There are 2 protein chains.
Amino acid sequence: MPKYDKYVGFQVNSPDTYKSFHKQEFDVKPFGDNDVEVKIEACGVCSSDVHTISGGWGDQKFPLAVGHEIVGRVIRVGPKVTLAKEGMRVGVGAQSWSCLECRQCKNDNETYCPRQMDTYGAVWPDTGIVTQGGYSSHVRTHEYWTYPIPDAIPSASAAPMLCAGITTYSPLVRNGCGPGKKVAIVGLGGLGHFGVLWAKALGAETWAISRSHSKEADAKKMGADGFLATQDKGWNEAHKMTFDLIVSTANSFGEGFDMAAYLALLDVHGKWISVGLPEEATLQIKPQDFMANGCLIGASHLGSRREMLDMLKLAADKKIDSWVESVPISAENLAKTIERLEKNDVRYRFTMVDYDKEFGA
Amino acid sequence: MPKYDKYVGFQVNSPDTYKSFHKQEFDVKPFGDNDVEVKIEACGVCSSDVHTISGGWGDQKFPLAVGHEIVGRVIRVGPKVTLAKEGMRVGVGAQSWSCLECRQCKNDNETYCPRQMDTYGAVWPDTGIVTQGGYSSHVRTHEYWTYPIPDAIPSASAAPMLCAGITTYSPLVRNGCGPGKKVAIVGLGGLGHFGVLWAKALGAETWAISRSHSKEADAKKMGADGFLATQDKGWNEAHKMTFDLIVSTANSFGEGFDMAAYLALLDVHGKWISVGLPEEATLQIKPQDFMANGCLIGASHLGSRREMLDMLKLAADKKIDSWVESVPISAENLAKTIERLEKNDVRYRFTMVDYDKEFGA
């Protein structure tokens, strides 16, 4: 039996006990010529982590350490690595591999490569080793998916940008968010708060749309020029056919989600882009709902390396701070954090920190 | 009571008797300074006509003469008219008025003007007179919605271009159809056959997608480079992530309509544009279906005056002939034609002709 390097991390052993985190050793893929080894300092807690360990997105490989908003120091690089070096602080996001050879990969669309691999829960075809995420001591990944973090951004603030940040940044820049555009962000959670921060930083007239007014003051602090609460009667009336772009982070399309009311906000050929991935969701849409303005709906998946670097530069240049609550990593704290996330008791993202105390310096 | 001019046309008196056409007089709006009076020569028969008179699209104003693919001669113009003159052969499509003052109207988006009016079934606010369509002796309309028909295009061939033609032409040109693009047209009926003709004429690699192979030979004659039949097992496998644009003329999203299979055909950020308007249709879409390629779905409504003129020029320059079956207009023939349309017994459009015989020279 081959002997692999081992890391240690907080794994979940089964979806039935997904709030029980066990500090365990796991095998790591052989170190490749383009690989980078990162000692982790911080990791954001993403709703994807919960969907995955709870089985909400279907079968997964267990035991599994999740976490794909990773910041740490490079401690080793493969002989062919040019994009990272020892001592560099880097981020690792939700994707950790693609072929880099296909049309999509060569076109800054590596997040749409049919052969892409996730940072956790994916299987390396040659060894069968399952990729493990950032609730761990280290992560080993291909250099292309490590991003230098500008000095101006603290690790706890940078971490959630690696997934929540890029997930909202990419559809904004790909769909023309900028000066002269009117842009709405639907839902003000971990994703949505970045949506507001980026849209404003990119120069658009930025509106937040939420169910109630409870987050209105926060949204304005983040830079929102306006705020709409869908519980208000006739909430969309004054804004029909005025938005160029809506990025929706909504995590539920069930009862009370009135798609037609959102689409009516869009200007001719305006776009509604979903970045939320509800577990059980089917959008019900009538072609008639698109007809009055010829609008479009779509989805977006993460963002390219180029966009990741641009986003980090924007955050550093404009001194954009994520709204994070830092939590020292431990089995107990992970359980508590997941519970609070499930209750939406977070404004607006958790980052696990103090890795040295748990995994050694 | 005011006295209005009168035309005569084949009206339906109620949705309960929608295949009974009655030759009746009806009131016409007062002749405006920008109005054009057209003696009708030919009118295409559109599925919209059936949806309207049968009540499938909801309540309508009866009695009503439908028909919105009209070609005829200008016999009178208002004092301010500059776009038409007496003796000119012009077309009139499905839209006959918009404000021409709003942002949409000034932006070649008059088909998305919130105050637009349809060629038939709309109510003039000042008089209460209901607009009547082209199963009639004449039509009176604002000059902006009359389009000179190039000499090269016979009236029976030009007529269906005014609705079915522009409905497919606009989403093609607005979404980049041209050389180097791979474009699919879903459904090969009246709309779809124009989709294939235009996509090919615009220089795209053109594919037709139909349920069976029964129309494959026709599609190839229209210029399709390829043909896919959705009844074939794994019909989309060889073409996943290769199409830039799909224009769907599908008239049903029920049983057997596999939206995910269509969306999988699209390249990254490719678009699926619906121009069909089923009576009872709700698209069921999971955000996950958009995720692998970040594709978009939308709809399109008719096309602008500018696009109408471009389309007619393209048809004249490239000698594009509509595939029409000409039928002399009469109450009996209209009933038969509607029945055949309901059975899809048409390849690919009916045009009612011989107006002189029915309405006088």
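Residues numbered from 1 in each chain as written. Chains lettered and ligands numbered in written order. Predicted model: local features only at pLDDT ≥ 70, side-chain atom pairs only at ≥ 80, totals over all residues. Heavy atoms only, no water.

**Quick look at the state of the cysteines**
No. 1: Scanning all chains against the criterion turns up zero disulfides over all chains.
No. 2: Here A:C177 stays free of any disulfide, with the sulfur of A:C295 as its closest cysteine sulfur at 18 Å.
No. 3: There is no disulfide at B:C113, and the cysteine sulfur nearest it, in B:C105, is 3.8 Å away.
No. 4: With a relative accessible area of 1%, B:C113 lands in the buried category. (Disulfide = S-S within 2.5 Å. Buried < 20%, exposed > 50% of the residue type's maximum accessible area, 1.4 Å probe, protein only.)

**Considering the UniProt feature "domain: Alcohol dehydrogenase-like N-terminal" (unreviewed entry) in chain A**
No. 1: In this numbering, the UniProt entry assigns the feature "domain: Alcohol dehydrogenase-like N-terminal" (unreviewed entry) to residues 32–151 of chain A.
No. 2: Helix makes up 6% of residues 32–151 of chain A and strand 29%. Its end C-alpha atoms lie 28 Å apart. (UniProt positions renumbered as here; feature names shortened; annotations may be inferred. Helix = DSSP H or I, 4+ residues; strand = E, 2+ residues; numbered from the N terminus.)

**So, the relation of the copies chain A and chain B**
No. 1: For the pair chain A and chain B, the best superposition has an RMSD of 0.0 Å and corresponds to a rotation of 180° with a translation of 0.0 Å parallel to the axis. Expressed as an axis order, the relation between the two copies is that of a two-fold axis.
No. 2: A shared binding surface is used by both copies, with 100% of the interface residues of chain A retained as interface residues in chain B. (Least-squares fit on C-alpha atoms with pLDDT ≥ 70 in both. Contact = heavy atoms within 4.5 Å.)

**Here we look at the sheet that holds strand β12 (residues 226–229) of chain B**
No. 1: Read from one edge to the other, the open sheet built from twelve strands follows the order β12(A)-β11(A)-β10(A)-β13(A)-β14(A)-β16(A)-β16(B)-β14(B)-β13(B)-β10(B)-β11(B)-β12(B), with strand pairing classed as mixed. At either end of the open sheet lies a strand with only one pairing partner, and these are β12 (226–229) of chain A together with β12 of chain B. Direction aside, neighbouring strands of the sheet carry axes that sit 20° apart on average.
No. 2: In this sheet, strand β11 (residues 205–210) of chain A lies alongside strand β10 (residues 182–186) of chain A in parallel orientation, the contact comprising five bridges. Across the sheet, A:V183 pairs through a bridge with A:T206, a residue of β11(A).
No. 3: Where helix α3 (residues 164–174) of chain B meets the sheet, it contacts β14 (266–274) of chain A together with β10 (182–186), β13 (243–248) and β14 (266–274) of chain B, and its direction lies at approximately 160° from that of β13(B). (Pairing = 2+ DSSP bridges. Axes fitted to C-alpha atoms, helices over the stretch in contact; angles between N-to-C directions.)

**Looking at the packing of aromatic side chains**
No. 1: Evaluated as defined, the whole model comprises 20 aromatic pairs over all chains.
No. 2: Here the aromatic rings of A:F194 and A:W198 are separated by 5.6 Å at their centres, their planes lie at 15°, and the arrangement is stacked. Linking A:F194 with A:W198, this pair stays in helix α4 (residues 190–201), spanning four residues, or about one helical turn.
No. 3: Judged by relative accessible area, A:F194 falls into the buried class, the value being 0%.
No. 4: It is A:R76 that lies over the ring of A:F31; its NZ or CZ is 3.7 Å from the centre.
No. 5: One Lys or Arg, B:R305, reaches over the ring of B:Y144 and ends 5.6 Å from the middle of that ring. (Phe/Tyr/Trp six-rings, centres within 6.5 Å; stacked < 30°, edge-to-face > 60°. Lys NZ or Arg CZ within 6 Å of the ring centre and 35° of its normal.)

**What about the environment of B:P30?**
Residues and elements named next belong to chain B.
No. 1: In this fold, P30 is placed in the loop between β2 (22–27) and β3 (35–45).
No. 2: Accessibility expressed as a relative area gives 42% for P30, which makes it partly exposed.
No. 3: C-alpha separation for the pair P30 and I129, spaced 99 residues apart in sequence, amounts to 9.6 Å.
No. 4: Sequence-distant contacts of P30, that is, excluding residues within four places in its chain, are made with Y4, D35, T127 and R140.

**Here we look at the interface of chain A and chain B**
No. 1: Contacts between chain A and chain B engage 37 residues on the former and 37 residues on the latter.
No. 2: For the pair chain A and chain B, the summed buried area comes to about 3200 Å², and 59% of that belongs to carbon and sulfur atoms.
No. 3: Per-residue buried area on chain A facing chain B is highest for A:Y112, A:P287 and A:M291; these three make up 19% of the total on that side.
No. 4: Our enumeration of links across chain A and chain B arrives at two salt bridges.
No. 5: We note a salt bridge from A:D267 to B:R103, for which the minimum N-O separation is 2.6 Å.
No. 6: At the junction of chain A with chain B, the criterion picks out nine residue pairs in polar contact (both at pLDDT 80 or more).
No. 7: Elements with a minimum of two residues in the side of chain A that touches chain B: β14, β15 (283–285), α7 (288–291) and β16 (296–299) of chain A.
No. 8: Residue contributions to the side of chain A that touches chain B peak at six residues, all from β14(A).
No. 9: Among the residues forming the side of chain A that touches chain B, the class breakdown is 19 nonpolar, 13 polar and five charged. (Buried area = accessible area lost by both parts, 1.4 Å probe. Salt bridge = Lys/Arg side-chain N within 4 Å of Asp/Glu carboxyl O. Polar contact = N/O pair within 3.5 Å; in protein donor to acceptor, adjacent residues only side chain to side chain. Nonpolar A, V, L, I, M, F, W, Y, C, P; charged D, E, K, R; others polar.)

**A few points about the domain arrangement of chain A**
The parts lose accessible area when they come together, and the size of an interface is often stated as this lost area.
All names here are of chain A.
No. 1: Domain assignment breaks chain A into domain 1 (6–163 + 321–359) and domain 2 (164–299).
No. 2: Each of domain 1 and domain 2 has a C-alpha centre, and the two are 28 Å apart.
No. 3: Counting residues at the interface gives 18 residues for domain 1, matched by 22 residues for domain 2.
No. 4: Around 1600 Å² of area is buried between domain 1 and domain 2 when both sides are counted, 51% of it from carbon and sulfur atoms.
No. 5: Summed over the shared surface of domain 1 and domain 2, the result is one salt bridge.
No. 6: Across the domain 1-domain 2 interface, the total number found is 14 residue pairs in polar contact (both at pLDDT 80 or more). (Domains from an automatic or database assignment.)

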